[in-house]
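# Notes for the structure review
Listed here are the chains, written in short residue letters.
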Amino acid sequence: MMQKTTTGLEKNAWQARDRVLPKILAESPLLWLGLALLVGVHYALILWGPFGISGDEAQYWLWSRHLAWGYYTKSPLIAGILALSTLLAGNSLLAVRLFAPIFALALAGVAYLFAREVHGEPAPARLAALWMACIPVYFLGGLVMTTDVPMLLLWLLALWAFWRAIVCEQRWAWLLAGTAVGLGLQAKYNLGVLPAAVLVTLLGHGSGRRQLRTPWPWLGVVVALLILAPNLRWNSQHGWATVLATWGNVTGGQGGWSSWWSFLGGQIGVLGVLPFFLLAVLLWRERRSWPAGRSAVLVWISLITWVFYALKSLSGQVDANWPIAAYLGLIIWAAGPLSRAPWRQWALASLAVCTLLIATVLALPQLHALGVPLPSKWYVPFKQTRGWRELAAAAQDRLERAQPAFVVTNFYQYSATLAFYLPTHPFVYYQSFSSEPSKCSIHGNQYLLWPGYEGRLGENALLVLDGENAAIPSSWIRQFRRCGRPENFSATSAGVTWHRVTLLLCRDFLGPQSRSGPGSGGRFH
């Protein structure tokens, strides 16, 4: 399985270093034209499409205004990327997503080069690039800027380096793999599953164990740790916040078979029905050939990653996006057999179905605007990106009547999106009023590491609570001279209600109150 082999770079004149780029462009001009047009589609959808900023994107944008080597739930790379994009394009939706289409293009381009080297011909490379561009979850990566977007690219680059190190026995590739892993961990800790899967793969084969007895894999580990070191130092100074939050995701949640079936359904949804089952059937039908091929390492690493998340779902919840990198190696491998008969027609059909699915989902708001009756649950994919402007407008209307004032919410996504959409981009505070875990505070968030509003004495405040008719905490009321009546507000656009909140405007902040007493308690007015 891991016998030394010459790479495509060594085997083919196609890959002479001084002619690689011209040859790539010349052998697949329609592919590159199509990918360039797709980048244009991504930017058009960002500028004029139905997606506003998501709660997580707003959170990362807020991080970019407070740069650090780590954050409560994530690594710092996403904040650095957004700091650069907002420096170039301001505090706008385009700025937040400025690099997303570029990352999507890079993912497809690297998949092309990787598959071209593995299979030695352009047809599998074209198919790999097209799958990376058209599979729903990877297409979405060109529209939103989340931690998964850079992590996927770095995972694929690391996987390519691991393949060169293991299959081609190129020692320097271990250092490249370590570099990609270190940067990937700075994007998202989930990438740590990749080197773990590589280790299991190597331990399972004699040639792999021999490689582990050389210094090169461990030098790669050193490189990765050196790159990650600033984040580890930040964690050591902040109670290992990111490490513990990530470990909470690994060990938390309720599992069981219902969770497993939910996990499986989520994977079918994000990958697409036809690509998912096509990969599964192909693995079974080609089970005698792939363990002995040049792609065997890719398949083993991908399967080990997928099985890890499948087993995790039996002990706790697994979000649908967590395992999406597991399919990258499978796609590179599958591009070989899928580019040949009898699989070629199925591969083309999967691309067509994915394209139709994406077009249908994107057309839902337009269909609704035309009066086409659609089930309300069809709008669920848009909920995280809609209604924030309307909520910010309602908050601004109340703030204009009560300056100087600050805003507090009990949901970190409300805090981040309000900070983004309010005209002056103020810092919007977060406070959990419950000791019970909820969607508003499961493992904590970055606001726990930032200063609170204790110093805003004498100012007015707008409280935004998730849900209609939310119970107003008495601890909040006691902090103010007086408070108005709670108001229910529904953030609605295009006839769809996206968010329901309770708003409460209070005046004259007295500071934190340990208990109520004569003259110290606020009241509704």
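Residues numbered from 1 in each chain as written. Predicted model: local features only at pLDDT ≥ 70, side-chain atom pairs only at ≥ 80, totals over all residues. Heavy atoms only, no water.

## Quick word on the overall build of the chain
- Secondary structure summary: the chain contains 23 helices and six strands in total.
- In the chain, buried positions account for 53% of the 525 residues.
- Taking the contacts inside the chain whose residues are at least 6 apart along the sequence as the reference set, 75% of them involve residues at least 24 apart.
- Carbon and sulfur atoms make up 63% of the accessible area of the chain, which amounts to about 23,300 Å² in all. (Helix = DSSP H or I, 4+ residues; strand = E, 2+ residues; numbered from the N terminus. Buried < 20%, exposed > 50% of the residue type's maximum accessible area, 1.4 Å probe, protein only. Contact = heavy atoms within 4.5 Å. Areas by Shrake-Rupley, 256 points an atom, 1.4 Å probe, with all protein chains shown as cover.)

## Some details on the packing of helix H10 (residues 148-167) against helix H11 (residues 172-187)
- At a minimum axis distance of 8 Å, the contact between H10 and H11 shows a crossing angle of 160°. Overall, the two elements H10 and H11 adopt an arrangement that is roughly antiparallel. The handedness of the crossing between H10 and H11 is left-handed. Here H10 contributes Pro-150, Met-151, Leu-154, Leu-157, Ala-158, Ala-161, Phe-162, Arg-164, Ala-165 and Ile-166 to the contact with H11, which in turn contributes Trp-172, Ala-173, Trp-174, Leu-176, Ala-177, Ala-180, Val-181, Leu-183, Gly-184 and Ala-187.
- When its residues are assigned to classes, the contact of H10 with H11 shows 18 nonpolar, one polar and one charged. (Axes fitted to C-alpha atoms, helices over the stretch in contact; angles between N-to-C directions. Parallel < 35°, antiparallel > 145°, perpendicular 65-115°, else oblique. Left-handed = near helix turned anticlockwise from the far one by under 90°. Nonpolar A, V, L, I, M, F, W, Y, C, P; charged D, E, K, R; others polar.)

## Points about the state of the cysteines
- Enumeration according to the criterion identifies one disulfide in this entry.
- Cys-483 shares a disulfide with Cys-506; S-S distance 2.1 Å. Given an S-S torsion of about 110°, the disulfide between Cys-483 and Cys-506 has right-handed geometry. Of this pair, Cys-483 sits in strand E4 (residues 480-483) while Cys-506 is found in strand E6 (residues 496-509), placing the two residues 23 residues apart along the sequence. Summarising the burial analysis for this pair, Cys-483 and Cys-506 share the class buried.
- Distance from the sulfur of Cys-134, which forms no disulfide, to the nearest cysteine sulfur (Cys-354) is 7.0 Å.
- With relative accessibility at 17%, the residue Cys-134 sits in the buried group. (Disulfide = S-S within 2.5 Å.)

## Examining a nonpolar patch on the surface
- A surface patch of nonpolar side chains, amounting to about 450 Å² of accessible area, comprises Leu-199, Leu-203, Trp-218, Val-221 and Leu-225.
- Elements with a minimum of two residues in the nonpolar patch: helix H12 (193-203) and helix H14 (216-237).
- Sorting elements by how many residues they give to the nonpolar patch places H14 first, with three residues.
- As for its position among the elements, Leu-199 is in helix H12. (Patch = residues over 30% accessible without salt bridge, like charges linked within 9 Å, V, L, I, M, F, W, Y side chains within 5 Å. Salt bridge = Lys/Arg side-chain N within 4 Å of Asp/Glu carboxyl O.)

## Some thoughts on the packing of aromatic side chains
- Using the criterion set out here, one finds 31 aromatic pairs in the structure.
- With a centroid separation of 5.1 Å and an interplanar angle of 65°, the aromatic rings of Trp-290 and Trp-300 are classed as edge-to-face. Residue Trp-290 is located in the loop between helix H17 (273-285) and helix H18 (296-315), and its partner Trp-300 is located in helix H18; the two are separated by 10 residues in the primary sequence.
- For Trp-300, a relative accessible area of 31% corresponds to the partly exposed category.
- Both rings, one in Phe-420 and one in Tyr-421, keep their centres 5.0 Å apart while their planes meet at 85°; by these two values the pair is edge-to-face.
- When its relative accessible area of 4% is taken as the criterion, Phe-420 is described as buried.
- Assessed through its relative accessible area of 15%, Tyr-421 is described here as buried.
- An aromatic cluster of at least three residues, connected via ring pairs, comprises Phe-406, Phe-427, Tyr-429, Tyr-430, Phe-433, Tyr-447, Trp-450, Tyr-453, Trp-476, Phe-480 and Phe-509.
- Its guanidinium or amino end placed over the ring of Trp-284, Arg-287 lies 3.9 Å from that ring's centre, counting from NZ or CZ. (Phe/Tyr/Trp six-rings, centres within 6.5 Å; stacked < 30°, edge-to-face > 60°. Lys NZ or Arg CZ within 6 Å of the ring centre and 35° of its normal.)

## Regarding the confidence of the model for the chain
- Counting all residues, the mean pLDDT for the chain is 89, and 90% of those residues have values of 70 or more.
- The low-confidence segment residues 6-16, where pLDDT is below 50, has 25 contacts with residues more than four positions distant or belonging to other chains.
- This stretch, residues 436-442, has a pLDDT under 50; its non-local contacts, to residues over four places away or in other chains, come to 10 contacts. (pLDDT = per-residue confidence, 0-100.)

## Thoughts on the environment of Phe-103
- Structurally, Phe-103 can be placed in helix H7 (residues 100-119).
- Among the residues examined, Phe-103 registers a relative accessible area of 19% and is labelled buried.

## A few points about the packing of helix H4 (residues 55-64) against helix H5 (residues 77-89)
- Where H4 contacts H5, the axes come no closer than 8 Å and their chain directions differ by 80°. Between H4 and H5, the angle is such that the two are roughly perpendicular. Residues Glu-57, Tyr-60, Trp-61, Trp-63 and Ser-64 of H4 pack against Ile-78, Ala-79, Leu-82, Ala-83 and Thr-86 of H5.
- Tallied by class, the residues present in the contact of H4 with H5 amount to seven nonpolar, two polar and one charged.

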